[in-house]
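The primary structure of each chain is shown beneath.
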Amino acid sequence: MGGKHNGPAEPRVALRVRALESLLIEKGLLSTEVVDEVVRVYENDIGPMNGAKVVARAWVDPEYKRRLLADGTAAVGELGFGGRGGGDRLVVVENTPAVHNLVVCTLCSCYPWPVLGLPPTWYKMPAYRSRAVLEPRKVLSEFGLEVPESVEIRVWDSSAEIRYMVLPERPRGTERLGEAELAALVTRDAMIGVARVGALV
Amino acid sequence: MGGKHNGPAEPRVALRVRALESLLIEKGLLSTEVVDEVVRVYENDIGPMNGAKVVARAWVDPEYKRRLLADGTAAVGELGFGGRGGGDRLVVVENTPAVHNLVVCTLCSCYPWPVLGLPPTWYKMPAYRSRAVLEPRKVLSEFGLEVPESVEIRVWDSSAEIRYMVLPERPRGTERLGEAELAALVTRDAMIGVARVGALV
Amino acid sequence: MNGVHDLGGMQGFGPIEPEANEPVFHADWEGAVLAMNIAAMTQRLYNVDEFRHGVERMGAARYLATSYYEHWLASIETLLVEKGVVSRAELEARTAAFFADPDLPLPRRSDPALVARMREAIRKGAAASSEERPSARFRPGDRVVTRNMHPPGHTRLPRYARGRRGAIERVHGVFTVPDSHAHGRGRQPQPLYSVAFESRELWGAAAAPRERVYLDLWEPYLEPDGGSGDGRQA
Amino acid sequence: MNGVHDLGGMQGFGPIEPEANEPVFHADWEGAVLAMNIAAMTQRLYNVDEFRHGVERMGAARYLATSYYEHWLASIETLLVEKGVVSRAELEARTAAFFADPDLPLPRRSDPALVARMREAIRKGAAASSEERPSARFRPGDRVVTRNMHPPGHTRLPRYARGRRGAIERVHGVFTVPDSHAHGRGRQPQPLYSVAFESRELWGAAAAPRERVYLDLWEPYLEPDGGSGDGRQA
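Small disclaimer: the values here were computed from a predicted structure and weren't measured.

**Some words on the overall build of chain A**
The number of helices and strands found in chain A is eleven helices and four strands. The principal-axis extents of the C-alpha atoms in chain A amount to approximately 55 × 35 × 35 Å. Residues classed as buried in chain A amount to 62% of the 201 residues present. For chain A, the exposed surface amounts to about 7300 Å²; the carbon and sulfur share of it is 53%. Side chains of chain A carry 25 positive and 26 negative charges; the gap between the two charge centres is 2 Å.

As structure tokens, then:
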């Protein structure tokens with residue numbers, strides 16, 4: 001990826017990036033392999049499938065869930081997840097019938113990379129960042145998630161090196177599913193808090 | 001002016017304006033004469049020379065000054081100034097050795113048109129509007145006006161249909177000048193509050 | 001609306017850059033925009049509060065990337081289309097025609113009556129004050145606290161002065177409340193006050209001493225100081 | 001810095017627009033920007049707080065008009081130039097060369113040690129917490145009020161939560177204060193708290209009930225509630 005480009009219609013920003021890239025390579029601070037490796041890792045190894053495994057484990061293993069809520073960093077580490085973009089600490093917040101959690105970063109776009117990968121564009125854009133703290137119920141409603149007024153909404157604005165992930169509610173009708181099947185149900189949006197995990201039909 | 005344009009290199013916004021103008025003319029809501037007349041008025045009749053006359057009168061006539069500070073609208077009306085862009089009310093605030101006044105409109109660009117004409121570009125730009133209320137002394141210093149810490153600064157943020165004009169201090173050495181000569185010394189910037197009226201050399 | 005137009009206290013916009021010997025207009029189209037706006041308001045196609053809110057609604061990125069008269073043009077277009085004076089389609093079609101042929105002439109039309117009306121409008125201005133005199137709740141010297149409010153529509157209580165304590169400096173009279181007037185809900189006149197705020201109240205302990213900011217605020221923006229405040233947990 | 005990056009509570013940005021089946025990267029250059037940034041921080045050319053402040057300094061109009069990875073690119077360029085890693089002149093010259101010939105190849109260089117270091121960095125992350133344990137002033141349940149502060153530099157106390165009352169939810173430990181770390185004044189570790197705010201405290205009486213916002217705030221941002229507050233006249 002670092003070694004090719006997008007052809008003659010390549011936008012100016014892409015050429016600007018190649019200019020900087022070439023200077024850093026010459027100065028011994030970068031290599032095309034480094035770029036390729038980073039892209040490979042975030043395209044293949046690190047993404048919401050990691051968080052989904054964490055959620056599924058918490059659903060089937062009450063003792064793991066207890067550890068996860070007490071020390072998210074250590075508990076996701078048990079499954080091999082952690083590191084860069086995770087800030088220093090992962091805090092997992094649990095959705096219940098009485099509480100719905102939502103994660104945002106109003107000042108930039110902090111996001112729990114080790115468990116969810118790189119954030120989607122909408123998470124980084126002004127509309128979500130501005131509104132999530134001011135009118136979360138309306139934001140959720142636009143995502144198709146109607147949260148009754150009786151349910152408390154907790155918005156986690158990631159202003160420090162703490163990252164937040166939502167532990168969604170386990171849907172009804174999933175009692176017989178195994179951990180891997182459960183993980184397949186868990187979406188990125190549910191772990192940000194803008195969706196529920198859908199019930200099995 | 002409404003009837004001509006700027007030639008082949010005319011920017012898109014100018015053509016957009018002509019498109020809207022032509023539609024309004026066809027609908028009987030505008031005419032090229034109206035555009036010409038408005039431009040003529042603001043280029044020739046209404047400008048800081050009006051405010052300068054007000055200031056000079058106040059400097060030479062203590063009774064007029066008293067009326068001006070008590071009811072700016074009525075007092076500038078005595079000199080024939082008033083009307084559109086003046087909001088509903090003109091308030092004149094007096095600079096003294098102990099108090100320096102500064103006018104801004106942080107929300108848009110309200111400005112005392114009848115006495116100062118249309119505002120300069122810097123008055124309408126984010127840098128001035130954002131900083132005048134937060135760090136007025138620093139702003140004044142960048143205009144070359146050092147206001148000692150012992151002098152109180154009053155910033156008038158024009159948030160309603162009240163317009164503000166500063167009555168600057170009369171410089172020393174002007175005792176023998178007549179009203180017209182005094183008016184020639186008074187600058188727009190002094191009546192906004194970002195300058196003093198210079199002493200005669 | 002907490003928009004980027006609400007610039008008081010923002011940082012990072014760099015130095016103020018005055019232009020030496022600045023002309024009244026930098027291009028002919030600026031004068032035309034000014035004239036169109038005055039003509040439109042004189043003919044009551046929209047009011048000044050709708051106009052200001054039209055600027056606020058233009059979008060933050062565009063607002064910051066464009067000039068004052070481009071802001072005006074954006075609001076004029078928005079309002080004339082919303083009011084049904086001009087359709088979006090005819091505006092786009094006419095724009096395309098001028099892009100295709102910049103030498104297209106403007107229609108000729110003489111309207112001495114409108115010119116006279118404009119002269120009168122410029123001379124007299126528009127009234128925002130009211131003859132109605134609801135009794136003013138506050139008097140000069142009274143301590144007040146501004147409401148912590150974040151309406152999605154137009155307001156003239158800047159964000160930097162919300163939930164702040166000040167003192168009534170002067171009672172201006174009774175004026176149209178922009179918050180309703182910008183949204184077709186009438187003038188709803190209310191007492192308007194000049195309110196003085198210490199810089200340290202607005203900007204905290206690091207603010208310079210002997211600096212005050214004065215804002216003109218309507219009675220519904222204010223509460224007596226000493227109450228529990230708006231949304232505060234005592 | 002009260003910049004446009006501080007978006008919490010702003011209005012007028014329209015609906016949220018999720019992209020169906022969004023790819024991890026929309027173009028090759030995005031991945032290259034991500035990799036350059038991780039490589040630069042891994043090699044300690046700058047720290048994450050300097051990086052965030054570099055984005056904040058890019059200018060409001062440009063910030064709003066450009067994408068996430070363009071923000072990153074702007075900050076990387078600013079910092080590498082300021083740190084003397086790359087000169088503005090060589091960057092412009094090299095850019096001109098790529099504009100003239102987009103097919104210019106990138107230099108070939110193999111650096112297995114750097115790749116290994118990057119893998120390790122991605123796996124382990126960067127530490128912001130500290131082993132130092134200054135005693136924390138507040139405990140869970142304590143009522144606090146945030147400072148009303150408007151520093152021109154970097155801070156992580158958003159504008160919407162200044163001068164607001166909340167309750168300590170949890171003590172995270174001791175962490176690098178970004179306000180100093182972004183400006184070359186070291187880590188200055190301080191206790192970091194999760195602080196809960198009622199929506200009505202943040203947004204006033206019109207805010208919906210049963211909504212809370214939690215922020216992670218450093219001890220210097222906070223004062224005990226019940227004191228005179230910062231800059232308030234009791």
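The rest of the description comes next.
**Details of the domain arrangement of chain C**
All names here are of chain C. When cut into domains, chain C gives domain 1 (28-124) and domain 2 (143-224). Counting residues at the interface gives six residues for domain 1 and nine residues for domain 2. For the pairing of domain 1 and domain 2, the buried interface totals around 640 Å² over both sides, and the portion due to carbon and sulfur atoms is 48%. There are zero salt bridges connecting domain 1 and domain 2. Where domain 1 meets domain 2, there are three residue pairs in polar contact (both at pLDDT 80 or more). A per-class count over the side of domain 1 that touches domain 2 returns no nonpolar, two polar and four charged.

**Some thoughts on helix α2 (residues 48-56) of chain C**
Across the nine residues of α2(C), eight count as buried, placing the element largely inside the fold. On its buried face, α2(C) sits against β4 (162-167) of chain B together with α1 (28-42), α3 (60-65), α4 (68-82) and α7 (178-181) of chain C. For α2(C), the N-terminal capping position is held by Asn47(C), with its side-chain oxygen 2.9 Å away from the main-chain nitrogen of Asp49(C).

**Regarding the interface of chain D and chain A**
On the chain A side, the residues contacting the 96 residues of chain D number 87 residues. Interface of chain D and chain A: buried area, both sides summed, is about 8200 Å²; carbon and sulfur atoms make up 62% of it. The tally of links from chain D across to chain A stands at eight salt bridges. Linking Arg94(D) and Glu26(A) is a salt bridge whose minimum nitrogen-to-oxygen distance equals 2.8 Å. For the pair chain D and chain A, the interface holds 39 residue pairs in polar contact (both at pLDDT 80 or more). Broken down by element, the side of chain D that touches chain A gets its largest block of residues, eleven residues, from helix α1 (residues 28-42) of chain D.

**Quick notes on the sheet that holds strand β1 (residues 143-146) of chain C**
If you trace the seven strands from one edge of the open sheet to the other, you get β2(B)-β3(B)-β4(C)-β3(C)-β2(C)-β1(C)-β5(C), paired in mixed fashion. The sheet is open, and its two borders are formed by β2 (99-104) of chain B together with β5 (222-224) of chain C, each paired with just one other strand. Averaged over neighbouring strand pairs, the angle between their axes works out to 35° when direction is ignored.

**Describing the confidence of the model for chain C**
Per-residue confidence for chain C gives a mean pLDDT of 93; residues scoring 70 or more make up 95%. Of the regions scoring below 50 in pLDDT, residues 228-234 of chain C engages in 21 contacts with residues more than four places distant in sequence or in other chains.

**Comments concerning the pairing of strand β4 (residues 162-167) of chain A**
Residues and elements named next belong to chain A. Counting buried positions along β4 yields six of six residues, so the element is predominantly enclosed. Sheet analysis places strand β1 (residues 89-94) next to β4, joined by six bridges and oriented parallel. Note that in β4 the partner of Val92 across the bridge is Met165.

**A look at the sheet that holds strand β5 (residues 222-224) of chain D**
Hydrogen bonding along the main chain pairs the strands of a sheet, whether they run parallel or antiparallel. An order of β2(A)-β3(A)-β4(D)-β3(D)-β2(D)-β1(D)-β5(D) is seen for the seven strands of this open sheet, with the pairing classed as mixed. In this open sheet, the two strands that pair with only one neighbour each are β2 (99-104) of chain A together with β5 of chain D. With strand direction ignored, the average angle separating the axes of adjacent strands in the sheet is 35°. Across six bridges, the pairing between β2(A) and strand β3 (residues 152-157) of chain A is parallel. The residue bridging Val104(A) from the neighbouring strand is Asp157(A), located in β3(A).

**Details of the nonpolar core**
Across soluble globular proteins, you tend to see nonpolar side chains buried next to one another. Counting 279 residues, the largest nonpolar core has Tyr42(A), Tyr128(A), Tyr42(B), Tyr128(B), Leu34(C) and Leu34(D) as the members making the most contacts within it. In this structure, Tyr128(B) is in contact with Leu102(B), Val103(B), Val104(B), Trp122(B), Tyr123(B), Val139(B), Phe143(B), Ile192(B), Val194(B) and Ile16(C), ignoring residues within four places of it in sequence.

**Regarding empty space enclosed by the protein**
Rolled over the atoms, a probe with the dimensions of a water molecule shows which regions are left empty. In total, this model carries nine cavities of 30 Å³ or more according to the counting rule given. Taken as a whole, the largest cavity holds about 170 Å³ of empty space. Taken together, 15 residues line the largest cavity, and the ones lying closest to its centre are Arg159(C), Arg164(C), Arg159(D), Tyr160(D) and Arg164(D). Residue composition of the lining of the largest cavity, grouped by class: five nonpolar, four polar and six charged.

**Regarding α1(D)**
Every α-helix winds through 3.6 residues per turn, so residues three or four apart in the chain are directed the same way. All names here are of chain D. With 15 residues, α1 extends 21 Å between its outermost C-alpha atoms, agreeing within 8% with the 21 Å of an ideal straight helix rising 1.5 Å per residue. Counting buried residues along α1, 15 of its 15 residues qualify, which places the element largely inside the surrounding structure. Looking one or two places after α1, you find Arg44, whose phi comes out positive at around 60°.

**Comments concerning the packing of helix α1 (residues 12-26) of chain B against helix α5 (residues 88-100) of chain C**
Any two packed helices are characterised by how steeply their axes cross, that is the angle between the axes, and by the distance between the axes. Across the interface, α1(B) lies against α5(C) with an axial gap of 8 Å and an inter-helix angle of 125°. The pairing of α1(B) with α5(C) is recorded here as oblique in orientation. As α1(B) packs across α5(C), the resulting crossing turns out to be right-handed. Across the interface between the two elements, Arg12(B), Leu15(B), Arg16(B), Arg18(B), Ala19(B), Leu20(B), Ser22(B), Leu23(B) and Glu26(B) from α1(B) touch Arg88(C), Glu90(C), Leu91(C), Glu92(C), Arg94(C), Thr95(C), Phe98(C) and Phe99(C) from α5(C).

**Thoughts on the environment of Leu64(D)**
Of note, Leu64(D) is situated in helix α3 (residues 60-65). Given the relative accessible area of 14%, Leu64(D) is considered buried. Along the primary structure Leu64(D) and Ala32(D) are separated by 32 residues, whereas in three dimensions their C-alpha atoms are 22 Å apart. When residues no more than four places from it in sequence are discounted, the contact partners of Leu64(D) are Pro126(A), Val4(C), Ala60(C), Ala61(C), Leu64(C), Val4(D) and Phe13(D).

**Considering the packing of helix α1 (residues 12-26) of chain A against helix α4 (residues 68-82) of chain D**
Running from N to C, α1(A) and α4(D) point in directions that differ by 35°, and their axes come no closer than 12 Å. Both α1(A) and α4(D) take part in a crossing whose hand is left-handed. In this structure, α1(A) contributes Val13(A), Arg16(A), Val17(A), Leu20(A) and Leu24(A) to the contact, and α4(D) contributes Glu70(D), Leu73(D), Ile76(D), Glu77(D) and Leu80(D). Residues of the contact of α1(A) with α4(D), tallied by class, amount to seven nonpolar, no polar and three charged.

**Digging into the state of the cysteines**
On inspection of all chains with the given rule, the structure shows zero disulfides over all chains. Cysteine Cys108(A) is unpaired, with the sulfur of Cys110(A) as its nearest cysteine sulfur at 3.6 Å.

**A short note on the pattern of salt bridges**
Applying the stated criterion across every chain, the model contains 60 salt bridges over all chains. In this structure, the salt-bridge partner of Arg212(D) is Glu152(A), at a minimum N-O distance of 2.6 Å. One end of the pair, Arg212(D), is in strand β4 (residues 211-218); the other, Glu152(A), is in strand β3, on a second chain. On the accessibility criterion, Arg212(D) (24% relative accessible area) is partly exposed. By relative accessible area, Glu152(A) is classed as buried at 13%. The residue Arg131(B) makes a salt bridge to Glu142(B) at a minimum N-O spacing of 2.7 Å. Placement of the pair is Arg131(B) in helix α8 (residues 126-131) and Glu142(B) in helix α9 (residues 136-142), with a sequence separation of eleven residues. Note on Glu142(B): relative accessible area 40%, which makes it partly exposed.

**Brief notes about the confidence of the model for chain A**
Residues of chain A with pLDDT of at least 70 account for 93%, and the chain-wide mean is 93. Low pLDDT, under 50, characterises residues 1-8 of chain A; the stretch is placed with 20 contacts to residues that sit more than four places away or in other chains.

**Observations concerning the side chain of Thr106(B)**
Summarising the element assignment, Thr106(B) is placed in the loop between β2 and α6 (113-116). Apart from residues lying up to four places away in sequence, Thr106(B) is in contact with Arg129(B), Val133(B), Asp157(B), His5(C), Asp6(C), Leu7(C), Gly8(C), Pro158(C) and Tyr160(C).

**Points about unusual backbone geometry**
For Gln188(C), which is not a glycine, the phi torsion comes out positive at approximately 40°. Counting through the fold element by element, Gln188(C) comes out in the loop between α7 and β3 (190-198). Here Arg210(D), not a glycine, exhibits a phi torsion of approximately 55°, which is positive. If you trace the backbone, Arg210(D) turns up in the loop between α8 (199-203) and β4.

The rules we used
Residues numbered from 1 in each chain as written. Chains lettered and ligands numbered in written order. Predicted model: local features only at pLDDT ≥ 70, side-chain atom pairs only at ≥ 80, totals over all residues. Heavy atoms only, no water. Helix = DSSP H or I, 4+ residues; strand = E, 2+ residues; numbered from the N terminus. Buried < 20%, exposed > 50% of the residue type's maximum accessible area, 1.4 Å probe, protein only. Areas by Shrake-Rupley, 256 points an atom, 1.4 Å probe, with all protein chains shown as cover. Lys, Arg positive; Asp, Glu negative; His and termini not counted. Charge placed at Lys NZ, Arg CZ, Asp CG, Glu CD. Domains from an automatic or database assignment. Contact = heavy atoms within 4.5 Å. Buried area = accessible area lost by both parts, 1.4 Å probe. Salt bridge = Lys/Arg side-chain N within 4 Å of Asp/Glu carboxyl O. Polar contact = N/O pair within 3.5 Å; in protein donor to acceptor, adjacent residues only side chain to side chain. Nonpolar A, V, L, I, M, F, W, Y, C, P; charged D, E, K, R; others polar. Pairing = 2+ DSSP bridges. Axes fitted to C-alpha atoms, helices over the stretch in contact; angles between N-to-C directions. pLDDT = per-residue confidence, 0-100. Core = buried A, V, L, I, M, F, W, Y, C linked by side-chain atoms within 4.5 Å. 1 Å grid on protein atoms, 1.4 Å probe; cavity = no way out; pocket = protein on both sides within 12 Å on 5 of 7 lines; lining within 4 Å. Points joined across faces, edges and corners; volume = space filled by probe spheres on them. Expected span 1.5 Å × (residues − 1). Parallel < 35°, antiparallel > 145°, perpendicular 65-115°, else oblique. Left-handed = near helix turned anticlockwise from the far one by under 90°. Disulfide = S-S within 2.5 Å.

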